[in-house]
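Next come the chains, spelled out residue by residue.
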Amino acid sequence: MNSITQNYQIDNKISTSIKSFFKKYRISTALRLSNAYKSKGIPVISIFEYLFCMIFTNRSMYMNMIMGTNQVGFKKDTVYRFLNSIHINWIRFTTWLSAQIINETITGLTSDKRVNVLIVDDSLFERSSSKKVELLAKVYDHAKKTYKYGFRLLTLGWSDGNTFIPVNGCLLSTENQKNRINEAIPVDKRSAGYLRRNLSQTKATAVALELIKAAKKAMIPASYVLFDTWFCSPSSLIAIKEMGYDVIAMAKKTSKMHYLYNGIIQPLTAIYKQNRKRRGRSRYLLSVEVSLEKDGKSIPARIVFVRNRNNRKDYLALITTDMNLNEDEIIRIYGKRWDIEVFFKVCKSYLKLSKECNSLSYDAMTAHTAIVFTRYMMLALENRRSSDLRTMGEIFYYIQDEMSDITLIQAFHLLMQAFLDTISDKLSLSSEQLDQLLNAFMSAIPKELKEMLQKCA
């Protein structure tokens, strides 16, 4: 019973897809560059592959031990040491891997005129069953409007309007010590584990900037950074603009956020009231140019007020730092942000993001999150290959059009649906909408993979 056993009764097509994915995108190289390697003993890639395939075998590590068939050659303690390692840099691993997938495969299927974006958002990583989890904190759940025990999974993703690839992420505890249930264990200050524990206790806006810097260093191609109201502030927009990216975000309708308009510093609501609105069937109500002022720095920006067809007394406000974009393009590009909502839903419902790992270690939870991200990358590629004929051979590259980008009508429809569950500072989709997006995503996945995932749900 000491040795891990696993049931490798995976469909041959799925097994072939996994092996091809590991080989083509050099998973072993990504692990080595992230400081995950051994000079002797069990290869790290074998342990990673075992954990990666676990969801497709429909067996947990505990059940593999109970079944007692098909020895894999290493014990459970080997797996625990791998997950609990403080030396592996998981942000570097997922960032490097996503860069390989995007640059080697996906960008070759689209034209140079395609608008690629980075998307920042967070989701609840719940750990309510245990109060001894390292860095456990009280986290506000915006969907259910209550506090829960767990973390905020801050995620940076990439999208071309058709395929979403997670780039990196961080499990955020809280910078407020009063809301932390447990503190971090002492580790070597020179290790990656010490750095990620410090990062988890940093303000979310600062962490998001670090994740974007990592993506830029990996040369992931993107023109814009998209995010919701929680990250939209003049200081954040100016910082991202200085990195070389433009921003399209949902602006906060609050009296605490101010913009320079007509020589006067004023909030968004005041700007809206003093301007005449467009009438008829226009897709937006108002478009104004403002300046963002912070710490002596100033950049121009455009705010587009979008009408609400469900409540004519309400509106949304989109802000961008790209002054060359017209209003229709701003609305269309921002519609790509919803790809990350599908990602969170798939990871939680099918890839067991917060259910598979029951470890109390912050390092193990971070490692598990990186493994789930890798699973989604493979599924996203399989989805693209099954729906994009240009992946079938060079001849199709010349006779087929690239997969269509998100249209303005689709983006506008998503914006309108968002009003149903809009709250003052946080926007969230209803469960019905998320289920519809999830069903659309799952229907495009090859039949073999979908059947295996549904068994594990």
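Residues numbered from 1 in each chain as written. Predicted model: local features only at pLDDT ≥ 70, side-chain atom pairs only at ≥ 80, totals over all residues. Heavy atoms only, no water.

Colleague: Please set out empty space enclosed by the protein residue by residue, giving values where relevant.
Modeller: Evaluation of the coordinates by the stated rule reveals one cavity of 30 Å³ or more. Of the voids in this model, the largest cavity is the one considered here, and its volume is about 90 Å³. If you trace the largest cavity, you find it lined by W90, I91, T94, L153, N168, G169, C170, L171, T366, T369, A370 and F373. Taken together, the elements giving at least two residues each to the lining of the largest cavity come down to α6 (90-106), β6 (164-172) and α13 (362-387). (1 Å grid on protein atoms, 1.4 Å probe; cavity = no way out; pocket = protein on both sides within 12 Å on 5 of 7 lines; lining within 4 Å. Points joined across faces, edges and corners; volume = space filled by probe spheres on them. Helix = DSSP H or I, 4+ residues; strand = E, 2+ residues; numbered from the N terminus.)

Colleague: I'd like a description of the confidence of the model for the protein, backed by residues and values.
Modeller: For the protein, per-residue confidence averages 84 on the pLDDT scale, and residues scoring 70 or more make up 80% of the total. Put simply, helix α14 (residues 394-399) is where the protein has its lowest mean pLDDT, 38, and β6 is where it has its highest, 97. The low-confidence segment residues 391-401 (pLDDT under 50) makes ten contacts with residues lying over four places distant or belonging to another chain. Segment residues 419-427: pLDDT under 50, and 25 contacts once partners within four positions in sequence are set aside and those in other chains are kept. (pLDDT = per-residue confidence, 0-100. Contact = heavy atoms within 4.5 Å.)

Colleague: Run through the pattern of salt bridges, naming residues and quoting values.
Modeller: On inspection of all chains with the given rule, the structure shows 22 salt bridges. The salt bridge partner of K148 is D141, with a shortest N-O separation of 3.5 Å. For R384, the salt bridge is made with D160, and the minimal N-O distance between the two is 3.0 Å. One end of the pair, R384, is in helix α13; the other, D160, is in the loop between β5 (146-159) and β6, and 224 residues separate them in sequence. By the burial criterion, R384 is buried, and D160 matches it. Three or more residues joined by partner-sharing salt bridges are found here, namely E134, R196, R197 and D363. (Salt bridge = Lys/Arg side-chain N within 4 Å of Asp/Glu carboxyl O. Buried < 20%, exposed > 50% of the residue type's maximum accessible area, 1.4 Å probe, protein only.)

Colleague: For the nonpolar core, give the residues involved together with the corresponding values.
Modeller: Counting residues in each nonpolar core, the largest one holds 130 residues, and the members touching the most others are F48, F227, Y259, F305 and I319. Leaving out residues up to four positions away in the same chain, I319 has contacts with C232, L237, V247, I248, A249, A251, Y259, L292, A301, R302 and I303. (Core = buried A, V, L, I, M, F, W, Y, C linked by side-chain atoms within 4.5 Å.)

Colleague: Break down the side chain of S361 for me, citing the residues and quoting the values.
Modeller: Here S361 shows up in the loop between α12 (339-349) and α13. The class for S361 is buried, based on a relative accessible area of 15%. Within the structure, S361 has its side chain in polar contact with the side chain of N84 (distance 3.4 Å). (Polar contact = N/O pair within 3.5 Å; in protein donor to acceptor, adjacent residues only side chain to side chain.)

Colleague: Help me get a handle on the packing of helix α7 (residues 192-200) against α13, residues and values and all.
Modeller: A pair of packed helices is characterised by two quantities: the angle between their axes and the separation of those axes. For the pair α7 and α13, interaxial distance at closest approach is 11 Å and the crossing angle is 85°. Judged by the angle between their axes, α7 and α13 are roughly perpendicular. The residues of α13 that touch α7, namely those facing G193, R196, R197 and S200, are Y362, D363 and T366. Looking at the contact of α7 with α13 residue by residue, the classes come out as one nonpolar, three polar and three charged. (Axes fitted to C-alpha atoms, helices over the stretch in contact; angles between N-to-C directions. Parallel < 35°, antiparallel > 145°, perpendicular 65-115°, else oblique. Nonpolar A, V, L, I, M, F, W, Y, C, P; charged D, E, K, R; others polar.)

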